[in-house]
Amino acid sequence: IKKVSKGFESKAEPVKQAAVLGAGIMGGGVAYQSASKGTPILMKDINEAALQLGLDEATKLLNKQVTRGRMDTTKMAQVLNSIRPTLNYGDFSNVDLVVEAVVENPNVKKAVLAEVEGHLPEGAVLTSNTSTISITDLATALKKPENFCGMHFFNPVHLMPLVEVIRGEKTSEEAIARTVAYAKAMGKTPIVVNDCPGFLVNRILFPYFGGFSALISDGADFQQVDRVMERFGWPMGPAYLLDVVGIDTAHHADAVMAEGFPDRMQHEGENAVDCMFKQERFGQKNNKGFYRYE
Ligand code: NAD
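Cut-offs applied
- Positions within a chain are numbered from 1, following the residues in the order the chain's sequence is written.
- Restriction of local features to residues with pLDDT of at least 70 applies here, the model being predicted, together with a cutoff of 80 or more for giving and counting side-chain atom pairs; totals for whole chains, interfaces and linings are based on all residues.
- Strands here are runs of E lasting at least two residues and helices are runs of H or I lasting at least four, both read from the DSSP assignment and numbered beginning at the N terminus.
- Here the globule rule is a power law, 2.2 Å times the number of residues to the power 0.38, and the radius of gyration is based on C-alpha atoms.
- The burial label depends on the number of other C-beta atoms within 10 Å of a residue's C-beta. Counts of 20 or more mean buried, 12 or fewer mean exposed, and intermediate counts mean partly exposed, with C-beta atoms placed from the backbone.
- For every residue pair, C-beta atoms are placed from the backbone, and the pair is scored as a contact if these atoms sit within 7 Å.
- Pairing between two strands requires that DSSP report at least two bridges joining them.
- Axis definition: a line fitted to C-alpha atoms, limited for helices to the stretch in contact. Angles are taken between N-to-C directions and run from 0 to 180 degrees.
- UniProt positions are given in the numbering used here, feature names are shortened, and annotations may be inferred rather than shown by experiment.
- Note that the domain bounds were set by an automatic or database domain assignment.
- Gly falls in the polar group here, along with every residue not listed as nonpolar (Ala, Val, Leu, Ile, Met, Phe, Trp, Tyr, Cys, Pro) or charged (Asp, Glu, Lys, Arg).
- Each residue receives a C-beta atom built from its backbone; the residue is near a molecule or strand if that atom lies within 6 Å of it.

> Describe the overall build of the chain, naming the residues involved and giving the relevant values.
The secondary structure content of the chain amounts to 12 helices and eight strands. For 294 residues, the compact-globule estimate of 2.2 N^0.38 gives 19 Å, and the chain sits close to it at 19 Å. Projected onto its principal axes, the C-alpha coordinates of the chain cover approximately 55 × 45 × 40 Å. Expressed as a percentage of its 294 residues, the buried residues of the chain come to 44%. Here the analysis covers contacts within the chain between residues at least 6 apart in sequence; of these, 68% occur between residues at least 24 apart.

The following block contains the structure:
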């Protein structure tokens, strides 16, 4: 871990125009956070319906700010206007930094990263919000791996202060400095970490989910486990947290962690997350996970 001291980012050119790929749970949150802290952002997805979900999420968060008296409606309209939805990479010619936040699948991510790279201006920084996939591995899809690093936000983006900035084998100091500067401009606390599956936080979080799944296999009641962890003092228990994260996302991330750390992260047979995934119970995103959300 590298502490990000004051001034580390000072040599970096500020990000004037950002872009996010994917308008899902994380993409919508990144768009809201960037726009509300003053950096305009393009939001790209594969269809209008997906883009609308991202815009709805940003609108919901802004409405909350207005209701609580923290923002007036003029400012709200201004922030919303600085999130520009698009289906077209042709709009990326003046983008300084991209946050890729599409599904947690290395092949999909590599294809998307390689495609967007061809549309960016010289010197633009490309980042991935992957939860677990190696940055050095994703960089093999790129012509300029030096301009690429991880920028890992946590969910929900507007509430979670930490951002992991991940240095791949070929990442340049300029790319790290610019990403750190953008994270700070978004009001976040960046830490610079070296590359490995799960980086830092998910190397702690995924063994915790694994422990939870093992308890369920032993016959524990998931709601009871959640109540216990809340009494322990955590804001939510593991079942509810998995519903927030997305069971599909956790399932894909679990596979990456098991491959990266076979001695520690592999489990025999199906666990609770595998079962929920098979039944397409993806959590809050489709209103059914461990809990039901209607
Ligand atoms: P999500 O399923 O909510 O959203 C993914 C979005 O990507 C969808 O809108 C989908 O239409 C879009 N997409 C798919 N292919 C695309 C393409 N080719 N171009 C543009 N958009 C495309 O997923 P999410 O939870 O927002 O996760 C996104 C990324 O962020 C993943 O890598 C995940 O691991 C990471 N992440 C997730 C969390 C979390 O708690 N959910 C936390 C940190 C990081």
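> Quick rundown of the sheet that holds strand 5 (residues 125–128)? Include the residues and the values.
With mixed pairing, the eight strands of this open sheet are ordered in space as 3-2-1-4-5-6-7-8. Two strands lie at the open edges of the sheet, namely strand 3 (83–86) and strand 8 (189–194), each paired on one side alone. Sheet twist, expressed as the average angle between the axes of neighbouring strands with direction ignored, equals 25°. Bridge count between strand 4 (residues 97–100) and strand 5: four bridges; the pairing is parallel. Bridge pairing in strand 5 places leucine 97 opposite valine 125.

> I'd like a description of the UniProt feature "domain: 3-hydroxyacyl-CoA dehydrogenase C-terminal" (unreviewed entry) in the chain, backed by residues and values.
In the numbering used here, UniProt assigns the "domain: 3-hydroxyacyl-CoA dehydrogenase C-terminal" (unreviewed entry) feature to residues 198–293. End C-alpha atoms of residues 198–293 are separated by 29 Å, and the span's content is 64% helix alongside 0% strand.

> Could you give me a rundown of the UniProt feature "domain: 3-hydroxyacyl-CoA dehydrogenase NAD binding" (unreviewed entry) in the chain, with the residues and numbers involved?
What UniProt calls "domain: 3-hydroxyacyl-CoA dehydrogenase NAD binding" (unreviewed entry) maps, in this numbering, to residues 18–196. Between the end C-alpha atoms of residues 18–196 there is a gap of 26 Å, over a span that is 40% helix and 21% strand.

> How would you summarise the domain arrangement of the chain if you had to cite specific residues and measurements?
Along its sequence, the chain is organised into domain 1 (18–194) and domain 2 (201–284). The interface of domain 1 with domain 2 comprises eight residues on the first partner and 10 residues on the second. Residues belonging to the side of domain 1 that touches domain 2 are distributed by class as follows: two nonpolar, four polar and two charged.

> Before we move on, can you summarise the site of the ligand with the specific residues and values?
Around the ligand, a shell composed of 28 residues is seen, among which Gly22, Gly24, Met26, Ser131 and Asn155 lie nearest. Listing elements by their share of the shell around the ligand, those giving two or more residues are helix 1 (25–36), helix 4 (106–117) and helix 10 (247–260). No other element matches the three residues that helix 1 contributes to the shell around the ligand. By residue class, the composition of the shell around the ligand is 15 nonpolar, nine polar and four charged. Each of two domains, domain 1 (18–194) and domain 2 (201–284), supplies a minimum of three residues to the shell around the ligand.

> Explain the environment of valine 244 to me, and be specific about the residues and the numbers.
Take valine 244: it is sitting in helix 9 (residues 238–245). Under the C-beta neighbour-count criterion, valine 244 is labelled partly exposed, with 14 such atoms within 10 Å. In sequence terms valine 244 and threonine 171 are 73 residues apart; their C-alpha atoms lie 31 Å from each other. With near-sequence residues (within four places) excluded, valine 244 lies in contact with Asn155, Gly283 and Gln284.

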